Amino acid sequence: MLRKKLVTAQKRGETRALCLGLGMVACSMMMYFFIGITIVPFYTKSVWTTETVCKVLKANIKDKVLCPDSEGSEDEDIFPYPCLQVWVNLTASGQEVMLYQTEDTLERNPKCSYVPSKSENSKEVKERIETIASNFKKYQTFPCYYDPGGMQTNVILSRLYPPKGLLFAFLWPTLMFTGGCLIIILVKISQYVSVLSAWQ
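Residues numbered from 1 in each chain as written. Predicted model: local features only at pLDDT ≥ 70, side-chain atom pairs only at ≥ 80, totals over all residues. Heavy atoms only, no water.

Chemist: Is there a simple way to explain the overall build of the protein in this structure?
Modeler: Each helix and strand counted, the protein has 4 helices and 5 strands in total. Taken from the N to the C terminus, the helices and strands of the protein come in the order α-β-β-β-α-α-β-β-α. Out of the 200 residues in the protein, the part that is buried amounts to 29%. The contacts in the protein between residues at least 6 apart in sequence include a share of 71% that link residues at least 24 apart. (Helix = DSSP H or I, 4+ residues; strand = E, 2+ residues; numbered from the N terminus. Buried < 20%, exposed > 50% of the residue type's maximum accessible area, 1.4 Å probe, protein only. Contact = heavy atoms within 4.5 Å.)

Chemist: What should I look at first to understand the side chain of Thr 105 in this one?
Modeler: Examined against the element boundaries, Thr 105 turns out to sit in helix α2 (residues 103–108). What makes Thr 105 buried here is its relative accessible area of 4%.

Chemist: Would you mind going over the side chain of Thr 102 with me for this structure?
Modeler: Mapped onto the fold, Thr 102 is located in the loop between β3 (96–100) and α2. Once residues lying within four places of it in the same chain are set aside, the contact partners of Thr 102 are Ile 156, Ser 158 and Leu 160.

Chemist: Just checking my understanding: could you explain the pairing of β3 for this structure?
Modeler: Regular strands place their side chains on alternate faces of the sheet. With 4 of 5 residues buried, β3 is to be regarded as a mostly interior element. When β3 meets strand β5 (residues 155–156), the two strands line up parallel, connected through 2 bridges. Directly across from Tyr 100, in β5, lies its bridge partner Ile 156. (Pairing = 2+ DSSP bridges.)

Chemist: Any chance you could explain a nonpolar patch on the surface here in plain terms?
Modeler: A cluster of nonpolar side chains, contributed by Leu 182, Ile 185, Leu 186, Ile 189, Tyr 192, Val 193 and Leu 196, occupies part of the molecular surface with about 690 Å² of accessible area. By secondary structure assignment, the location of Tyr 192 is in helix α4 (residues 163–199). (Patch = residues over 30% accessible without salt bridge, like charges linked within 9 Å, V, L, I, M, F, W, Y side chains within 5 Å. Areas by Shrake-Rupley, 256 points an atom, 1.4 Å probe, with all protein chains shown as cover. Salt bridge = Lys/Arg side-chain N within 4 Å of Asp/Glu carboxyl O.)

Chemist: Help me understand the packing of aromatic side chains, please; the structure alone is not making it clear to me.
Modeler: The way to describe two aromatic rings as a pair is by their centre distance and the angle between their planes. Here the structure, examined in full by the defined rule, presents 4 aromatic pairs. Summarising the aromatic geometry, the rings of Phe 42 and Tyr 161 are spaced 6.0 Å apart at their centres and angled 35 degrees between planes, so their arrangement reads as tilted. Within this pair, whereas Phe 42 is found in helix α1 (residues 2–45), its partner Tyr 161 is found in the loop between β5 and α4, the two being separated by 119 residues in sequence. For the ring pair Phe 136 and Phe 142, a centre distance of 5.5 Å and an interplane angle of 55 degrees mean the geometry is tilted. Given the relative accessible area of 13%, Phe 136 is considered buried. Its relative accessible area of 10% is what places Phe 142 among the buried residues. (Phe/Tyr/Trp six-rings, centres within 6.5 Å; stacked < 30°, edge-to-face > 60°.)

Chemist: It is not clear to me how the state of the cysteines should be interpreted in this structure. Could you clarify?
Modeler: Here, the word disulfide means a covalent bond between the sulfur atoms of two cysteines. A complete count under the given rule lists 2 disulfides for this structure. Cys 54 shares a disulfide with Cys 144; S-S distance 1.9 Å. With the S-S dihedral at roughly 70 degrees, the linkage between Cys 54 and Cys 144 falls on the right-handed side. Residue Cys 54 is found in strand β1 (residues 50–68), and its partner Cys 144 is found in strand β4 (residues 141–146); the two are separated by 90 residues along the sequence. The exposure class assigned to Cys 144 is buried, which follows from its relative accessible area of 0%. (Disulfide = S-S within 2.5 Å.)

Chemist: How should I be thinking about helix α3 (residues 122–138) in this particular structure?
Modeler: Residue pairs spaced three or four apart in an α-helix point in one direction, given the helix's 3.6 residues per turn. Between its first and last C-alpha atoms α3 spans 24 Å; for 17 residues at 1.5 Å apiece the expected length is 24 Å, and the two agree. Of all the residues in α3, the buried ones are Val 125, Ile 129, Ile 132, Ala 133 and Phe 136. The arc that holds every buried residue of α3, seen down its axis, measures 95 degrees, which confines them to one face. Relative to its buried face, α3 has exposed residues pointing more than 90 degrees away, namely Lys 123, Lys 137 and Lys 138. (Expected span 1.5 Å × (residues − 1). Arc of directions from axis to C-beta.)

Chemist: I keep staring at the environment of Gln 191 and nothing clicks. Help me out?
Modeler: Note on placement: Gln 191 falls in helix α4. Here Gln 191 falls in the partly exposed class, since its relative accessible area comes to 28%. Sequence separation of Gln 191 and Glu 14 is 177 residues, and the distance between their C-alpha atoms is 8.0 Å.

Pasting the structure below:
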């Protein structure tokens, strides 16, 4: 009687462990799919892949401009802010080019090097842009990214999705997938050992 109860408890435990392993594998596949349709396209779309050194030539704050968050946006999505323009000397080619914060900055407003968040009030935006301009004048040499293919003649300060960030995004689903597979394998081994013991 006791042996029967132990076998039943073992089967229940194996079933739960197997469901856990399959669930982890399924969740990891969903995460892979989500990363594949969100982060990967932005990473492959970016042409600013080569790092070099940029030297600031001038950093000017112009009059306020209107910034739509995206093309065809509603009126409430348009907000004014001071336009910071940073021009740098690209060490790789010796050209004078305009610097943008990220790839997204160029898409939102190609006239300005920095686009603030709409949630910030005008005073905070003005102070932030003035601080950024003074930092560029203080630290005139810094790493930046440019397009080695020459399709884009401008540079960006940082990439939205660098290779390390992409690897980090794939790390968690990979660990979950590996853990789920290990659980399934251990359950199958346990079942195989139980069958061998029953035949003896």
